[in-house]
Amino acid sequence: MKKVVLSALAATIVTSAVYAETMTLFSDPKTGQVFTTAGEGRIEMGDFVSAKEVDIANRETTSFIAEYQDADKKSISVINSKSPKFILGQETGPNMKIKSKDNKDMYMKFGVRLQSTFENRLKDYANPATATAETNDAYMRRVRLEVEAGFDKHTSFVMDMRNDNANAEDKGEQTFNVGDAYLNISKPFDTSLVNFKLYRGKIDVSRSETAKSAHNLHYDRPHVADEAAQFITHNRRGTNAQMYGDWEKKVHYQVAVGDGVYSGAMKDADGSVLNATAVTGTTLGTVKSQNFFYGGKIKLSPFDGWEEEKLTETYMGQGQHFTVGAAYWKTGNIKTNSTTLGAIDHELINLEASAHYKGASISAEYFEFDGVVKNFTTTMTQASVGKSTGWYTHGEYVFTDFGFVAPFYRYESWDKFKGADGYDLTSKIAGVNWYLRGNTTKVGFAVQKDTYGSALSDYTDTRFKLTSQFHF
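Residues numbered from 1 in each chain as written. Predicted model: local features only at pLDDT ≥ 70, side-chain atom pairs only at ≥ 80, totals over all residues. Heavy atoms only, no water.

Topic: the overall build of the chain
Next, step 1: Each helix and strand counted, the chain has four helices and 24 strands in total.
Next, step 2: Taken across its 472 residues, the chain has 43% of its residues classed as buried.
Next, step 3: Of all intrachain contacts in the chain linking residues separated by at least 6 positions in sequence, the fraction that spans at least 24 positions is 59%.
Next, step 4: Summing over all exposed atoms, the chain offers an accessible surface of approximately 23,900 Å²; the carbon and sulfur share of this is 57%. (Helix = DSSP H or I, 4+ residues; strand = E, 2+ residues; numbered from the N terminus. Buried < 20%, exposed > 50% of the residue type's maximum accessible area, 1.4 Å probe, protein only. Contact = heavy atoms within 4.5 Å. Areas by Shrake-Rupley, 256 points an atom, 1.4 Å probe, with all protein chains shown as cover.)

In C-alpha cells:
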C-alpha cells in the first residue's frame, strides 16, 4: 500500500512539472529543419520537455519522497532499539509513541500494563484452636492504561488509570482510579540538575516503591516498603511539588513538599487501619489536620562506569552499576479524633544500596519509622507511640545464554514496634522469572513464606504464585 501511495505522489509531481514546462515542435520535411512555431509546409512533431527540466523534476520528486518516508518512519515508534533480543523479540519502549509530523517536540504515548497471579495460600496458626485456612485465588494484580502527552521541548504530562487487585480474595471487580498524574518539566534551564514534577508524582521513600512495578523482581513489594509508601503521604504520591535532577548520573537528588497521610491507609503496628477502627461507638477514623510533608533523597554512584542510568530492579544481564542513597521525610502535627492522643509526627529514614554486574544483581534497603501508634484505641496516649525498623535484601541472576531465565531470592525482617514482644515479621521469597521479551512479556513462579509474631496473630502465611506480565 505504501509503495502505491509513493508512486502516486511521484507521478503527480513529475506530471505537474512536465505540463508546466512542455513545448510543441514542428519540422520541414524538405529541409529537415526544426521550428518552435507552426508555418507553411511544417509538420507538427509533438510535445517535448528539456533535459534540464526533467532533471529538476526528478530531483524534486526524490527529495519529496525521502522527506515523506523519513516523517512516516519517525512518527510512530514502539520497539526499544537498545534492548537485547529475547525469545519473542526486543522489548517495547514501553508504550507506543506517536510523534507530530509538524512539531517534533509534540507527541502522545499509549501503553498497557497487565499482571496476573494464580495463587495457592495456606495460613497456619500457632494456636491449635484456630483452624488452618487454605485458599485458591486468581486475580489481576495490576491492570493499567498509561498515557503521556508531550507539549514542547521541556513539558509533558504523565498519567495512568488503574484497576489493581481485581478479583483478589473476595474483592470482586474493583474500580478504576488515577495513579500517576503529574506535569513533568524537564531541563527548563538546559541542565539535568534541575527538573520539576507537579501534582501526583512519586516521592522517593523507597527504591523498590519508586521503581515501576513492571520493573520489580516480584509483583508484591516488601511489606516494610509498602508501609513506607503510606507513612508520609498517601500511596507515596499525594499531591505534591518536587524538584529533582542528576549530575552526570553520579549524583541524583529529589526534594518535595505536599499533601500528607490518608486515614484510609494509616495503620498501627498490628496493621489495623485508622478509619476502620471503632471502639464503643467512637470512630477514630479521621485525620482532622496535619502539616504538609517535606523531605528529600540523595543517591550517589561514585565509581566511573558504574553510574545508575535507569531506576529498575531488572537488568536483563546487561551493563553494571553501583549506587548508595539516603532519604529523610516528615509529616508533622497529625491530629486524629482521639481525645487522649495529642498530635504526632511521622518521620521516615530510608537507606539503600544496589549494584549489578551483567547477570548478577543485589539490592538492600533499611527503614526507620518514628511516630508509629501501637494500637488504635480511644485510650491512646503518647506512650502508645514509638518506633519501627525493618530491612530487606534481594538478588537475581539472569542466564542470558538460556533464554533469559532468572532465579531470584528476597529476605525481609521488620520489627513493627520497637521494645514490645511479638511484633516481628519475617518474609522469605524464592522464585524464577522468565523474560520472554524482557519486561514486555514475562512469566514467573515464586514461593513466599511470611511468619508473624504473637502480637500479630502468630501464624505462618505460605503462598505459591504463578505470575505473568504484559507491558506494552
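A short note on the environment of V405
Next, step 1: Within the fold, V405 resides in strand β21 (residues 405-415).
Next, step 2: Residue contacts for V405: discarding those within four places in its chain leaves Y397, V398, F399, V432, N433 and W434.

Points about the pattern of salt bridges
Next, step 1: For the structure on display, the rule yields 25 salt bridges.
Next, step 2: Across the salt bridge formed by E169 and R121, the nearest N and O atoms sit 3.2 Å from each other. With E169 in the loop between β8 (155-162) and β9 (177-185) and R121 in strand β6 (residues 107-125), the pair connects residues that are 48 residues apart, well separated along the chain.
Next, step 3: The class of R121 is buried, set by a relative accessible area of 12%.
Next, step 4: Of the charged contacts in the structure, one is a salt bridge between R207 and E308, with a shortest N-O distance of 2.6 Å. A residue pair is termed long-range when its members are at least 10 positions apart, and R207 in helix α3 (residues 207-210) and E308 in the loop between β16 (293-300) and β17 (320-336) qualify at 101 residues. With respect to class, R207 is no different from E308; both count as buried. (Salt bridge = Lys/Arg side-chain N within 4 Å of Asp/Glu carboxyl O.)

Let's talk about empty space enclosed by the protein
In this approach a probe as big as a water molecule rolls over the atoms, and the regions it shows empty are the leftover space.
Next, step 1: For the structure shown, the criterion picks out two cavities of 30 Å³ or more.
Next, step 2: Considered as a void within the structure, the largest cavity measures approximately 60 Å³ in volume.
Next, step 3: L217, H218, Y219, F408, V432, N433, K442, G444, F445, A446, K465 and T467 together form the lining of the largest cavity.
Next, step 4: Secondary-structure elements contributing two or more residues to the lining of the largest cavity are β22 (424-435), β23 (441-452) and β24 (459-471).
Next, step 5: Residues that form the lining of the largest cavity fall into these classes: six nonpolar, four polar and two charged.
Next, step 6: Its boundaries defined by the atoms lining it, the second largest cavity holds a volume of some 30 Å³. (1 Å grid on protein atoms, 1.4 Å probe; cavity = no way out; pocket = protein on both sides within 12 Å on 5 of 7 lines; lining within 4 Å. Points joined across faces, edges and corners; volume = space filled by probe spheres on them. Nonpolar A, V, L, I, M, F, W, Y, C, P; charged D, E, K, R; others polar.)

Observations concerning the packing of aromatic side chains
Next, step 1: The full count for this structure, using the stated rule, is 13 aromatic pairs.
Next, step 2: Ring plane angle 65° and centroid distance 6.0 Å describe the contact between F293 and W329, whose orientation is recorded as edge-to-face. Residue F293 is found in strand β16, and its partner W329 is found in strand β17; the two are separated by 36 residues along the sequence. Neither F293 nor W329 differs from the other in exposure class; each is buried.
Next, step 3: Between F367 and F369 the ring centres are 6.3 Å apart and the planes differ by 10°, which places this aromatic pair in the stacked class. Of the two residues examined, F367 and F369, each falls in the buried class.
Next, step 4: In this structure, K197 is placed above the aromatic ring of Y244, and the distance from its NZ or CZ to the ring centre is 5.5 Å. (Phe/Tyr/Trp six-rings, centres within 6.5 Å; stacked < 30°, edge-to-face > 60°. Lys NZ or Arg CZ within 6 Å of the ring centre and 35° of its normal.)

Remarks on the side chain of K109
Next, step 1: Tracing the backbone through its elements, the reader meets K109 in strand β6.
Next, step 2: Note on K109: relative accessible area 19%, which makes it buried.
Next, step 3: Setting aside anything within four residues of it in sequence, one finds K109 in contact with P94, N95, M96, K97, E146, V147 and E148.

Topic: the confidence of the model for the chain
Next, step 1: Looking at the chain, pLDDT values average 88 and 86% of them are 70 or higher.
Next, step 2: Low pLDDT, under 50, characterises residues 1-20; the predicted model gives this stretch 14 contacts beyond four residues in sequence or across chains. (pLDDT = per-residue confidence, 0-100.)

So, a nonpolar patch on the surface
Next, step 1: Side chains of V257, F292, Y294, Y328, I349, L351, Y366 and W391 sit close together on the surface and give an oily, nonpolar patch of about 750 Å² of accessible area.
Next, step 2: Positionally, L351 belongs in strand β18 (residues 344-357).
Next, step 3: Judged by relative accessible area, L351 falls into the partly exposed class, the value being 40%. (Patch = residues over 30% accessible without salt bridge, like charges linked within 9 Å, V, L, I, M, F, W, Y side chains within 5 Å.)

Remarks on the environment of Y107
Next, step 1: Its location among the elements puts Y107 in strand β6.
Next, step 2: In this structure Y107 comes out as buried when scored by relative accessible area, which is 17%.
Next, step 3: Sequence spacing of Y107 and K97 is ten residues, and the spatial spacing of their C-alpha atoms is 6.8 Å.
Next, step 4: Among residues more than four places away in sequence, those in contact with Y107 are K97, I98, K99, E148, A149, G150 and S156.

A look at the side chain of R463
Next, step 1: Structurally, the position occupied by R463 is in strand β24.
Next, step 2: Residue R463 is classed as buried on the basis of its relative accessible area of 13%.
Next, step 3: With near-sequence residues (within four places) excluded, R463 lies in contact with E119, N120, R121, D220, A446, V447 and Q448.

Concerning the pairing of strand β12 (residues 251-258)
Next, step 1: Because side chains alternate across β12, one face comprises the buried residues H252, Q254, A256 and G258, and the other comprises V251, Y253, V255 and V257, none of which is buried.
Next, step 2: Bridge count for strand β11 (residues 240-247) against β12 is eight bridges, and the pairing is antiparallel. Its bridge partner being in β12, N240 is matched across the sheet by G258.
Next, step 3: Of the strand pairs in this sheet, β12 and β16 are connected by eight bridges, and their pairing is antiparallel. The partner of Q254 across the bridge, within β16, is K297. (Pairing = 2+ DSSP bridges.)

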